[in-house]
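The lines below spell out each chain.
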Amino acid sequence: MANTAATAGAGGSGSKQDSTPEDNYYLAWRRRLQVVVSSLLTEAGFESAQKASVETLTEMLQSYLLEIGRSAKSYCEHTARTQPTLSDIVVTLVEMGFNVETLPAYAMRSQRMVITAPPVTSGPVTPKALTARQKKSHPPHVPSHFPEFPDPHTYIKTPMYHEPLSDYQVLREKAASQRRDVERALTRFMAKTGKTQSLFKDDVSTFPLIAARPFTIPYLTALLPSELEMQQMEETDSLEQDEQTDTEILPLHINMDESSAEKENASVLQQNASLSGSQTGEENLIDNPYLRPVKKPKICGEVN
Amino acid sequence: MNRKKGDKGFEIANLNRIKLNSKQCRIYRVRVNDLEAAFIYNDPTLEVCHHESKQRNLNYFSNAYAAAVSAVDPDAGNGELCIKVPSELWKHVDELKVLKVHINFSLDQPKGGLHFVVPNVEGSMAERGAHVFSCGYQNSTRFWFPCVDSYSELCTWKLEYTVDAAMVAVSNGDLVETIYTHDMRKKTFHYMLTIPTAASNISLAIGPFEILVDPYMHEVTHFCLPQLLPLLKHTTSYLHEVFEFYEEILTCRYPYSCFKTVFIDEAYVEVAAYASMSIFSTNLLHSAMIIDETPLTRRCLAQSLAQQFFGCFISRMSWSDEWELDQIVAYELKTGGVLLHPIFGGGKEKDNPASHLHFSIKHPHTLSWEYYTMFQCKAHLVMRLIENRISMEFMLQVFNKLLSLASTASSQKFQSHMWSQMLVSTSGFLKSISNVSGKDIQPLIKQWVDQSGVVKFYGSFAFNRKRNVLELEIKQDYTSPGTQKYVGPLKVTVQELDGSFNHTLQIEENSLKHDIPCHSKSRRNKKKKIPLMNGEEVDMDLSAMDADSPLLWIRIDPDMSVLRKVEFEQSDFMWQYQLRYERDVVAQEESILALEKFPTPASRLALTDILEQEQCFYRVRMLACFCLAKIANSMVSTWTGPPAMKSLFTRMFCCKTCPNIVKTNNFMSFQSYFLQKTMPVAMALLRDVHNLCPKEVLTFILDLIKYNDNRKNKFSDNYYRAEMIDALANSVTPAVSVNNEVRTLDNLNPDVRLILEEITRFLNMEKLLPSYRHTITVSCLRAIRVLQKNGHVPSDPALFKSYAEYGHFVDIRIAALEAVVDYTKVDRSYEELQWLLTMIQNDPVPYVRHKILNMLTRNPPFTKNMDSPLCNEALVDQLWKLMNSGTSHDWRLRCGAVDLYFTLFGLSRPSCLPLPELGLVLNLKEKKAVLNPTIIPEAVFSNSQEEEEVDMDTVHDSQAFIYHHLNMLERPSTPGTMSVHHAKGWCVI
């Protein structure tokens, strides 16, 4: 039973959109489960049940069976087998908190109802896997019970027949046309999905211009470099820094500049002090009136 | 809520009226020394011609406008606001005591003077980046508070601005402190300006600015709008060098204790300098990747700093002294080396059109903008002449003297009569020049400042072999308009085989011929290096020259010590020698222009050599590209080899292995960058025998675009790509049209199809990855207009109109508007003209309005002598209304409207108008409409000299008068959302 559940589960998730025999199979399986639920209910003494509750119970049963199947399959694979054995199922049931000891007694109970075996229906047709070339047969040292080799395309190396492109002209050509194609496709897409303007009244598709859209703050897009450019700038900068590490002249120069600038500042600060009379004269601190904290109003207030 | 305060002492005897300038302000009450004072408010410039319906004569308007401006001219002691000093205080006046004038006023949604930028997005005002700044042309402070709006009235200032807590108010002088208001939601900025400053140099900028303290000079603070801080850092990073340079060259400290630069959007002008602060257009900001904008921005920054010394600190005495300040500023720029090489081409020395002006030149506010720019240009040239005359050393001494006198004066806190040292006048300037240098430059001033016009020389020569003498003939043209006669010395430089020799000729009334002895005999075989003017000695291939003559080339007035235009005739080989071997940039440019007339293989070779010469100034090389294209077109039938410049370009910028592919961009060398940009543009001007652009050239340009690869470049290639589109546009030739068929896609020329393909792709990519300042969009729009004009694409302004809308970047708008203006002219579209005129009246950006008028004037839909369906009475009325009353809030705009009216209709009554009514008498002899003498006695201006008699006691009447005028400003009632929208203030004078 668990076995069928497992295959059914796998099939159910795998090929939903397949044709009617598949659907029939699942309908039959589902109906069978409902019969089981109903008989169990009758066994338990119910005379009737609402459809909704039967459905719920069916669902629960199905989940339970599926879980048994899935779990059993895991156990069997864990021990490097392809077919579950009884012990796998026992372990599964134990794992799920089911007392296996009670199972024989339950199976042998007197008042159990016997359900007729379902009519033989054709199982779901597994679609034929794409086969590329012949599957390799086992080499002599591999026992025959081992699984078959997978399709050759999954492991066979395909040798490259083309040398990677290194010709400058071709590369440039490729890069240029690739970029152009991308740009063209992208702009055409944008033009198709949005409003467009056209240069010719009778034709809107040959030269579609994306419609002009005013910005709320036009200067931002116009002035700020794009992210791409920013990235580029950083890259080229870092490249340059690498180049410049050899030369010691530059940093030295900067130092000189800074010291002279500081001197200048000092003199200016002094002048400021003499002018406003409120200068503290700390050289290392930038004193700029716009950086000073905003004062709290005086209690009495200033009257104008 | 803004409060402005000024302290000022009047020391005029018999003072019973105080006149102040004020526009747009709503004045509630005026108190003099705490006594209520009567006042009257009358602004004659609001509506220039009153009570007249059909007078449409520009002469009449200009006179009326000039009179209206003089009637409120602060330099003449006039003003819009007239306050009567209460009689109780007359005694005070006689005792020369100080009067304090308090004015309560508010300014509600001003149309000029203060400009509000409020982006229409979600969020608080600060989050939206809303800001306001003061702006205007010349002295325009009266637009936002009552003052004596003159550059010559100095006083010290205390300024207070209360703004939203998220905003920063930047103004003149030192920020003393910032204090929160009691509810802690606003803060008050207290500014103190202790250096006497004219009201016209007071400014204000409020916004949610990001603050950057200059890392080199902590007293310099830079402000920009949110998100732009990285750009600001880069843009201002070199300003300290300019500071150092100016201080060193002037041997004078920077006059103010601080300096602030504010970058704002929708700027009125690119640079506006005010006392200790400058307001810049935010569009000057750029990142380190931008090449082309950098020198322009640096120039603007340097200019604003120069204006701090001259213009803000030292202010002018009167309008007629303006030339000096402009000159000094321009002069400093030149010496500053910021402007790489000022080019004084002959054409630039065009002068102020002397006669037949349609506006008064007595006031800055009545001047045409065109005139004003030319004025500045000439000022620069004249200052250069003075420098040439007295030497640069003396010139700097003069500047230093002016500055040191001024700074001594400015420190005299309580002696305002000393402050006159801070003003400069023409005579004062001349006096200090003669004191310092001991030279009399009066003749120079007389010739170049008092007179207008430029000297025109025509020169030719013959070499007399027998006498070994150069016979030079110099003629002058002083009869055509814009010229004047010159008598005096003229320098001529003759480059001979043995060297370069200067000769000074005396240009006199009747002498045309001048004999100049030559120093070298003609020689052929002696192989010797030829010495040049700068001492350099070079080898020359002398095979091209005339065997009998030792002359290589001749230059007239090489130092440009005369404002002149020279047309000199010499043989083509002499021009070629001059181009190759003369080291003077101006001489090289002259020879390039002259070589256009000599399409020979030798000229071609000389130009190609220059193109390849790395030492040559890049602008000369760029010019040579265009000249080469012209020569190639002239000799199209005999031209051999690939199209001009193609092999050169391939050699310089293409890969060695595959010559059809351009190298990946590397703009580290700016010279070659500019050349790489320019060459394709010039090449696209080449034409084959059918007058079409050769297919080879078009493919070449398309390939350049295709293989353009900027991934490894340190700099942005947006200007380069924009120029490539310009090149494509240049290659377009008029479409061959059969029977005026309608342009459709099917009959599109295949070359044009390729061009359109590129333009479409570029324009669309701009939407996704915009370039700096949208240079590519601008070029695309221009190119589309070129295609339309040449009949490849149906002419249609709809596209341009959508790009001209408010909300696009200003460069795009201007380019689009230019196309619409052009369309209006070509298609004579009344609808588009109306659309443009509506925009002139309603656009939120003053610069754009000014620019539309400017472009319409330059490219008018029709002119005065032309019959056009557009010229009708309604248009005359519309324009008349625009300049008469519609532009009273902006001097520049009004002058622009006057210019346009003049271009369209001329000085006299427009011909499309019906015969005037009885009020006019038509003088058929003079073809002039004059006002019927019988109605003249009815005073033309309400605010004339008789104004003294106005009854000052009727305060209520005067207020009604103000309200009347305020209503006439037709303000749209947008809700004031920013706290500073409603400015209310007290003015203490």
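Residues numbered from 1 in each chain as written. Chains lettered and ligands numbered in written order. Predicted model: local features only at pLDDT ≥ 70, side-chain atom pairs only at ≥ 80, totals over all residues. Heavy atoms only, no water.

As for the overall build of chain B
Right, on to step 1. Scanning chain B from terminus to terminus reveals 27 helices and 33 strands.
Right, on to step 2. By the burial criterion, 59% of the 989 residues in chain B qualify as buried.
Right, on to step 3. If you take every contact in chain B between residues at least 6 apart in sequence, the share linking residues at least 24 apart comes to 71%.
Right, on to step 4. Summed over all atoms, the accessible surface of chain B reaches about 39700 Å², with 53% contributed by carbon and sulfur. (Helix = DSSP H or I, 4+ residues; strand = E, 2+ residues; numbered from the N terminus. Buried < 20%, exposed > 50% of the residue type's maximum accessible area, 1.4 Å probe, protein only. Contact = heavy atoms within 4.5 Å. Areas by Shrake-Rupley, 256 points an atom, 1.4 Å probe, with all protein chains shown as cover.)

A closer look at the sheet that holds strand β23 (residues 469-476) of chain B
Residue and element names in this part refer to chain B.
Right, on to step 1. On the basis of which strands lie adjacent, the open sheet formed by four strands has the order β26-β23-β22-β30 and mixed pairing. Strand pairing shows two members of the sheet lacking a second neighbour, β26 (513-517) and β30 (564-568), which therefore form its edges. Across the sheet, the mean angle separating the axes of adjacent strands is 30° when strand polarity is ignored.
Right, on to step 2. Pairing analysis gives five bridges linking strand β22 (residues 455-464) to β30, with the strands arranged parallel. The residue of β30 that forms the bridge with Val-455 is Arg-564. (Pairing = 2+ DSSP bridges. Axes fitted to C-alpha atoms, helices over the stretch in contact; angles between N-to-C directions.)

Digging into the packing of helix α13 (residues 601-612) of chain B against helix α15 (residues 646-653) of chain B
All names here are of chain B.
Right, on to step 1. Remark: α13 packs on α15, axes separated minimally by 11 Å, with the N-to-C direction vectors making an angle of 15°. When the axis of α13 is compared with that of α15, the two are roughly parallel. Crossing hand, α13 versus α15: right-handed. Note on element contacts: α15 touches α13 through Leu-648, Arg-651 and Met-652, opposite Thr-608, Leu-611 and Glu-612.
Right, on to step 2. Classifying every residue of the contact of α13 with α15 by side-chain character gives three nonpolar, one polar and two charged. (Parallel < 35°, antiparallel > 145°, perpendicular 65-115°, else oblique. Left-handed = near helix turned anticlockwise from the far one by under 90°. Nonpolar A, V, L, I, M, F, W, Y, C, P; charged D, E, K, R; others polar.)

Let's talk about the sheet that holds strand β15 (residues 210-213) of chain B
Residue and element names in this part refer to chain B.
Right, on to step 1. Strand order in the open sheet formed by five strands is β15-β16-β17-β19-β18, and the pairing between neighbours is mixed. Looking at strand neighbours, the two that pair on one side only are β15 and β18 (271-274), the edges of this open sheet. Each strand of the sheet is rotated relative to its neighbour by a mean of 15°, with strand direction disregarded.
Right, on to step 2. In terms of strand pairing, strand β17 (residues 259-264) meets strand β19 (residues 277-281) through five bridges, oriented parallel. Following the sheet pairing, Val-262 is matched in β19 by Ile-279.
Right, on to step 3. In the packing of helix α5 (residues 293-309) onto the sheet, the strands contacted are β17, β18 and β19, and the crossing angle to β18 comes to about 25°.

Focus: the side chain of B:Arg813
Residue and element names in this part refer to chain B.
Right, on to step 1. Residue position: Arg-813 is located in helix α22 (residues 810-827).
Right, on to step 2. Here the side chain of Arg-813 touches Asp-843 through a polar contact of 2.5 Å, side chain to side chain.
Right, on to step 3. If near-sequence neighbours (up to four positions away) are discounted, Arg-813 is found in contact with Tyr-803, Ala-804, Glu-805, Tyr-806, His-808, Met-839, Asp-843, Val-845 and Val-848. (Polar contact = N/O pair within 3.5 Å; in protein donor to acceptor, adjacent residues only side chain to side chain.)

So, the interface of chain A and chain B
Right, on to step 1. Facing 70 residues of chain A, the contacting portion of chain B comprises 102 residues.
Right, on to step 2. The junction of chain A with chain B conceals about 7400 Å² of combined surface from both sides, 62% of it contributed by carbon and sulfur atoms.
Right, on to step 3. For chain A, the biggest contributors to the area lost against chain B are A:Tyr219, A:Leu223 and A:Tyr290; these three give 11% of the whole.
Right, on to step 4. Where chain A packs against chain B, one counts 19 residue pairs in polar contact (both at pLDDT 80 or more). (Buried area = accessible area lost by both parts, 1.4 Å probe.)

With respect to unusual backbone geometry
All names here are of chain B.
Right, on to step 1. The backbone phi angle of Gln-138 is positive, close to 55°, even though this residue is not glycine.
Right, on to step 2. The residue Gln-138 is located in the loop between β9 (131-134) and β10 (154-164) in this model.
Right, on to step 3. We note that Ser-276 has phi near 60°; this positive angle belongs to a residue other than glycine.
Right, on to step 4. With respect to the helices, strands and loops of the structure, Ser-276 is situated in the loop between β18 and β19.
Right, on to step 5. On the accessibility criterion, Ser-276 (0% relative accessible area) is buried.

Considerations on the packing of aromatic side chains
Residues and elements named next belong to chain B.
Right, on to step 1. Under the definition given, this model contains 38 aromatic pairs over all chains.
Right, on to step 2. Arranged with centres 6.0 Å apart and planes meeting at 80°, the rings of Tyr-254 and Phe-309 form a pair that is edge-to-face. Here Tyr-254 is found in the loop between α4 (239-250) and β17, whereas its partner Phe-309 is found in helix α5, with 55 residues between them in sequence. In this structure, Tyr-254 and Phe-309 share a single accessibility class: buried.
Right, on to step 3. Ring geometry for Phe-457 versus Tyr-486: centroids 6.4 Å apart, planes at 85°, classification edge-to-face. Residue Phe-457 is found in strand β22, and its partner Tyr-486 is found in the loop between β23 and β24 (488-496); the two are separated by 29 residues along the sequence.
Right, on to step 4. The aromatic ring of Tyr-238 is capped on one face by Arg-298, whose charged end is 4.3 Å from the ring centroid.
Right, on to step 5. Of note, Arg-761 hangs over the ring of Phe-762, and the distance from its end group to the ring centre comes to 5.4 Å. (Phe/Tyr/Trp six-rings, centres within 6.5 Å; stacked < 30°, edge-to-face > 60°. Lys NZ or Arg CZ within 6 Å of the ring centre and 35° of its normal.)

Here's the deal with the pairing of β23(B)
The side chains of a regular strand alternate, residue by residue, between the two faces of the sheet.
Residue and element names in this part refer to chain B.
Right, on to step 1. Two strands pair when backbone bridges link them, and β22 and β23 are joined in this way by eight bridges, in the antiparallel orientation. Bridged to Phe-461 within β23 is Leu-472.
Right, on to step 2. Relative to β26, β23 runs antiparallel, the two being bridged by five bridges. Within β26, the residue paired with Leu-470 across the bridge is Ile-516.

Side note on the packing of α22(B) against helix α24 (residues 846-858) of chain B
Residues and elements named next belong to chain B.
Right, on to step 1. The interhelical angle for the contact between α22 and α24, taken along N-to-C directions, is 30°, at an axis separation of 10 Å. Classified by the interaxial angle, the pair formed by α22 and α24 is roughly parallel. Taken as a pair, α22 and α24 cross one another with a handedness that is right-handed. Contacts from Val-810, Arg-813, Ile-814, Leu-817, Glu-818 and Val-821 in α22 reach Tyr-847, Val-848, Lys-851, Ile-852, Met-855 and Leu-856 in α24.
Right, on to step 2. Among the residues forming the contact of α22 with α24, the class breakdown is nine nonpolar, no polar and three charged.

Description of the pairing of strand β3 (residues 26-32) of chain B
Residues and elements named next belong to chain B.
Right, on to step 1. Here six bridges tie β3 to strand β7 (residues 101-108), and the two strands are oriented antiparallel to one another. In the sheet register, Arg-26 faces β7, and the bridge partner there is Ser-106.
Right, on to step 2. Here β3 pairs with strand β4 (residues 35-37) via three bridges, running antiparallel. In the sheet register, Arg-31 faces β4, and the bridge partner there is Glu-36.
Right, on to step 3. Taken together, β3 and the strand that follows it, β4, pair antiparallel across an intervening segment of two residues, in which Asn-33 is found at a positive phi of about 45°.

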